[in-house]
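# An overview of the molecular structure
The lines below spell out each chain.
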Amino acid sequence: MGAPAPPQTPSEPQGMLLRAARGLDPQVWDAALAFSLCVAGFILVLAVQIPPFHRFDAVGAVLLLAVTLPLIAVRRYPRTVFAIIAVASIVAAITAQPSLDVGYVCGAVALFILAARSDIWRSLWAGLLASATLIVIFTVLYERGDASIGVSIAAWFGFSAVWLAGVVLRGYRENVREARRNAHAERERAELYLHDLEMRAQEAVTLERSRLARELHDVVGHALNVVVLQAGAAQRVFDKRPETVREALGAIESTGRQALTDIERLLGILRAEAGDREDLGPLPGMADVPALVTQVREAGVAVELDSACGGAALPSSLDRSGYRIVQEALTNTLKHAGGGARATVRLRCADGWFDIECTDDGGGRPAAGQFNRRLSGGRGLLGMRERVALFGGGLEVGPLPAGGFRVHARLPLEHVGNVQGGALTIAPDPTTGGSDG
């Protein structure tokens, strides 16, 4: 024989009944309560002779219906229902009808619902009306000798307790609704905060990609310009000066290796995850400018470095940006002035400013077309402008009156990180009166 099915626990049918009861319309419950009180009232007054009231008659039946059936609409019209029951109860007291006892119960129910569904001021008026009704009823009963002072006071305290219970229920419901509203508002604020964090994270990723793109542009552009110039110089003296060719090839190799190292480092940053412990090495800074100048000298440009910063400690972001500005300026010199040009790099740290000035003599080439190409070609000047604007500094680029080209960047040493709009000023070309960049 199979195992018997487990008996159903008593809580299961009770739970089903509770769910079914909660799903009913509240007016159905009101109607059921009204008819129950009406039937119970008729049974009471017909089966039991309640002294000192008169024998139940047609007036008593009408009054009994008047104090019970209005409860059907007590949720929709609580004040009207309470007023009808109060008036019917007063009439029952005056005419000595037994429906008055049922009126006490129905009046208490109507008072409770009225206090629970009204604001504090309407609840106070309902309490005063209930007190006035009790005063009238018990005055009539006391004059006839049907009630005592003690019974009147007990009835008043009973109705006061019912009224107070309704007010407390009203306050509890208000607190629950307020807590739900606050919880909903908190959820909305949390969702907005998370959305803002997500947008900021996306913006940070976009800015970081832009920064890495500029870094790659600077690294690759500078290295390729050095390689092209060294290869051109080696090709011109290939047969006559093999030792110069060997030096040029060595410079090409070292420049290529350095560029590959920088590219691998930057790509490693892109690939690195939060828990990655790979040592990517430090990014170049102002301390690497002498090595950069030496590299450009080996490419054929006579560069003079004049630094008056005295080893001043710079913030890391400013340190890297300053190096990239110098690198881009010398790369432009290599690209547009070519081998044989002379350049000067001046670094100054004074009065809260970090000044970077890179000038060259143009390599003896015609000024107009050369300078116009410098101002309009590539992302070099745009990258410098973005770096300077990030720190709220200023950038001036343009040809020199005596020939050559000048790049002057001013970066504030204080309040680094306060992003402002940096100015890009292009000096006019002295040979053409302006630029087409």
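The structure we're discussing is the one just above.
Model, not experiment: these values are computed from the prediction.

### So, the overall build of the protein chain
- Counting secondary structure elements, the protein chain contains twelve helices and six strands.
- Buried positions account for 36% of the 437 residues belonging to the protein chain.
- The contacts of the protein chain with a sequence gap of at least 6 include a subset with a gap of at least 24, amounting to 72%.
- Counting only carbon and sulfur atoms, one obtains 61% of the accessible surface of the protein chain, whose full area is about 25,000 Å².

### Let's talk about a nonpolar patch on the surface
- There is a patch of nonpolar side chains on the surface, built from Tyr142, Ile149, Ile153, Trp156 and Phe157 and spanning about 530 Å² of accessible area.
- Here the nonpolar patch gets four residues from one element, more than from any other, and that element is helix α7 (residues 149-236).
- By the secondary structure assignment, phenylalanine 157 is in helix α7.

### A short note on the packing of helix α5 (residues 99-116) against helix α6 (residues 120-144)
- Following both chains from N to C, one finds α5 and α6 inclined at 165°, their axes separated by 10 Å at the closest point. One element, α5, and the other, α6, form an angle in the roughly antiparallel class. Considering how the two elements wind past one another, α5 and α6 form a crossing that is left-handed. Seen from α5, the contacting residues are Leu100, Tyr104, Leu111, Leu114 and Ala115; seen from α6, they are Ser123, Ala126, Ala130, Ile137, Phe138 and Leu141.

### A look at the side chain of threonine 133
- Mapped onto the secondary structure, threonine 133 falls in helix α6.
- Filtering out sequence-adjacent residues up to four positions away, threonine 133 remains in contact with Ala86 and Ile90.

### Focus on the pairing of strand β5 (residues 405-412)
- Most of β5 is tucked away: six of the eight residues are buried.
- Inspection of the sheet shows strand β3 (residues 353-360) paired to β5 by eight bridges, in the antiparallel sense. Paired with tryptophan 353 across the strands is proline 412, a residue of β5.
- Two elements, strand β4 (residues 394-399) and β5, share six bridges in a ladder whose sense is antiparallel. In the sheet register, glycine 398 faces β5, and the bridge partner there is arginine 406.
- Linking β4 to β5, which pair antiparallel, is a turn of five residues; within it glycine 403 sits at a positive phi near 105°.

### Considerations on the packing of helix α4 (residues 78-94) against α6
- Running from N to C, α4 and α6 cross one another at 10°; their axes reach a closest spacing of 9 Å. Comparing the axis directions of α4 and α6 gives the class roughly parallel. Taken together, the residues of α6 that come into contact with α4 (itself represented by Arg79, Phe82, Ala86, Ser89, Ile90, Ala93 and Ile94) are Arg122, Ala126, Leu129, Ala130, Thr133, Val136, Ile137, Val140, Leu141 and Arg144.
- Residue composition of the contact of α4 with α6, grouped by class: twelve nonpolar, two polar and three charged.

### Topic: the pattern of salt bridges
- Applying the stated criterion across every chain, the model contains nine salt bridges.
- The salt bridge partner of arginine 170 is glutamate 174, with a shortest N-O separation of 3.5 Å. With arginine 170 and glutamate 174 both in helix α7 and four residues apart, the pair spans about one turn of that helix.
- When the shortest N-O distance is used, the salt bridge between glutamate 174 and arginine 177 registers 2.7 Å.

### Describing α6
- Between its first and last C-alpha atoms α6 spans 36 Å; for 25 residues at 1.5 Å apiece the expected length is 36 Å, and the two agree.
- Within the sequence span of α6, burial applies to Ser123, Ala126, Gly127, Ala130, Ser131, Thr133, Leu134, Ile137, Phe138 and Leu141.
- Where α6 begins, the side chain of aspartate 119 points an oxygen toward the backbone nitrogen of tryptophan 121, at a separation of 3.2 Å.
- Downstream of α6 by a residue or two, glycine 145 has a phi angle that is positive, lying close to 80°.

### A few points about the state of the cysteines
- On inspection of all chains with the given rule, the structure shows zero disulfides.
- No disulfide involves cysteine 38; its sulfur sits 8.7 Å from the nearest other cysteine sulfur, which is in cysteine 106.
- With a relative accessible area of 8%, cysteine 38 lands in the buried category.

### Focus on unusual backbone geometry
- Even without being a glycine, alanine 96 presents a positive backbone phi close to 55°.
- The topology assignment puts alanine 96 in the loop between α4 and α5.
- Alanine 96 gets classed as buried once you look at its relative accessible area, which sits at 6%.
- Even without being glycine, aspartate 351 reaches a positive phi, approximately 55°.
- Looking at the element boundaries, aspartate 351 is found in the loop between β2 (342-350) and β3.

### Observations regarding the nonpolar core
- If you look at the biggest cluster of nonpolar residues, it comprises 36 residues, and the most contacted ones within it are Val303, Val326, Leu330, Leu347, Phe354 and Ile356.
- For this core, the secondary structure elements donating two or more residues are α9 (289-298), α10 (316-337), β2, β3, α12 (380-390), β4 and β5.
- Among the elements that take part in this core, α10 stands out by supplying eight residues, more than any other.
- Contact partners of isoleucine 356, with chain neighbours within four places excluded, come to Gly322, Ile325, Val326, Arg346, Leu347, Val407, His408 and Ala409.
- Val67, Ile85, Leu100 and Ala110 belong to the second largest nonpolar core, which has 31 residues in total.

### A look at the packing of aromatic side chains
- Applying the stated criterion across every chain yields a total of two aromatic pairs.
- Considering the side-chain rings of tyrosine 104 and phenylalanine 138, the 6.2 Å spacing of their centres and the 0° angle between planes classify their relative orientation as stacked. With tyrosine 104 in helix α5 and phenylalanine 138 in helix α6, the pair connects residues that are 34 residues apart, well separated along the chain.
- Residue class for tyrosine 104 comes out partly exposed when judged on its relative accessible area of 22%.
- On the numbers, 5.2 Å between centres and 80° between planes, the contact of tryptophan 156 with phenylalanine 157 is edge-to-face.
- Note that arginine 410 overlies the ring of tryptophan 353, its terminal NZ or CZ placed 4.6 Å from the centroid.

Reading the values: rules and limits
Residues numbered from 1 in each chain as written. Predicted model: local features only at pLDDT ≥ 70, side-chain atom pairs only at ≥ 80, totals over all residues. Heavy atoms only, no water. Helix = DSSP H or I, 4+ residues; strand = E, 2+ residues; numbered from the N terminus. Buried < 20%, exposed > 50% of the residue type's maximum accessible area, 1.4 Å probe, protein only. Contact = heavy atoms within 4.5 Å. Areas by Shrake-Rupley, 256 points an atom, 1.4 Å probe, with all protein chains shown as cover. Patch = residues over 30% accessible without salt bridge, like charges linked within 9 Å, V, L, I, M, F, W, Y side chains within 5 Å. Salt bridge = Lys/Arg side-chain N within 4 Å of Asp/Glu carboxyl O. Axes fitted to C-alpha atoms, helices over the stretch in contact; angles between N-to-C directions. Parallel < 35°, antiparallel > 145°, perpendicular 65-115°, else oblique. Left-handed = near helix turned anticlockwise from the far one by under 90°. Pairing = 2+ DSSP bridges. Nonpolar A, V, L, I, M, F, W, Y, C, P; charged D, E, K, R; others polar. Expected span 1.5 Å × (residues − 1). Polar contact = N/O pair within 3.5 Å; in protein donor to acceptor, adjacent residues only side chain to side chain. Disulfide = S-S within 2.5 Å. Core = buried A, V, L, I, M, F, W, Y, C linked by side-chain atoms within 4.5 Å. Phe/Tyr/Trp six-rings, centres within 6.5 Å; stacked < 30°, edge-to-face > 60°. Lys NZ or Arg CZ within 6 Å of the ring centre and 35° of its normal.

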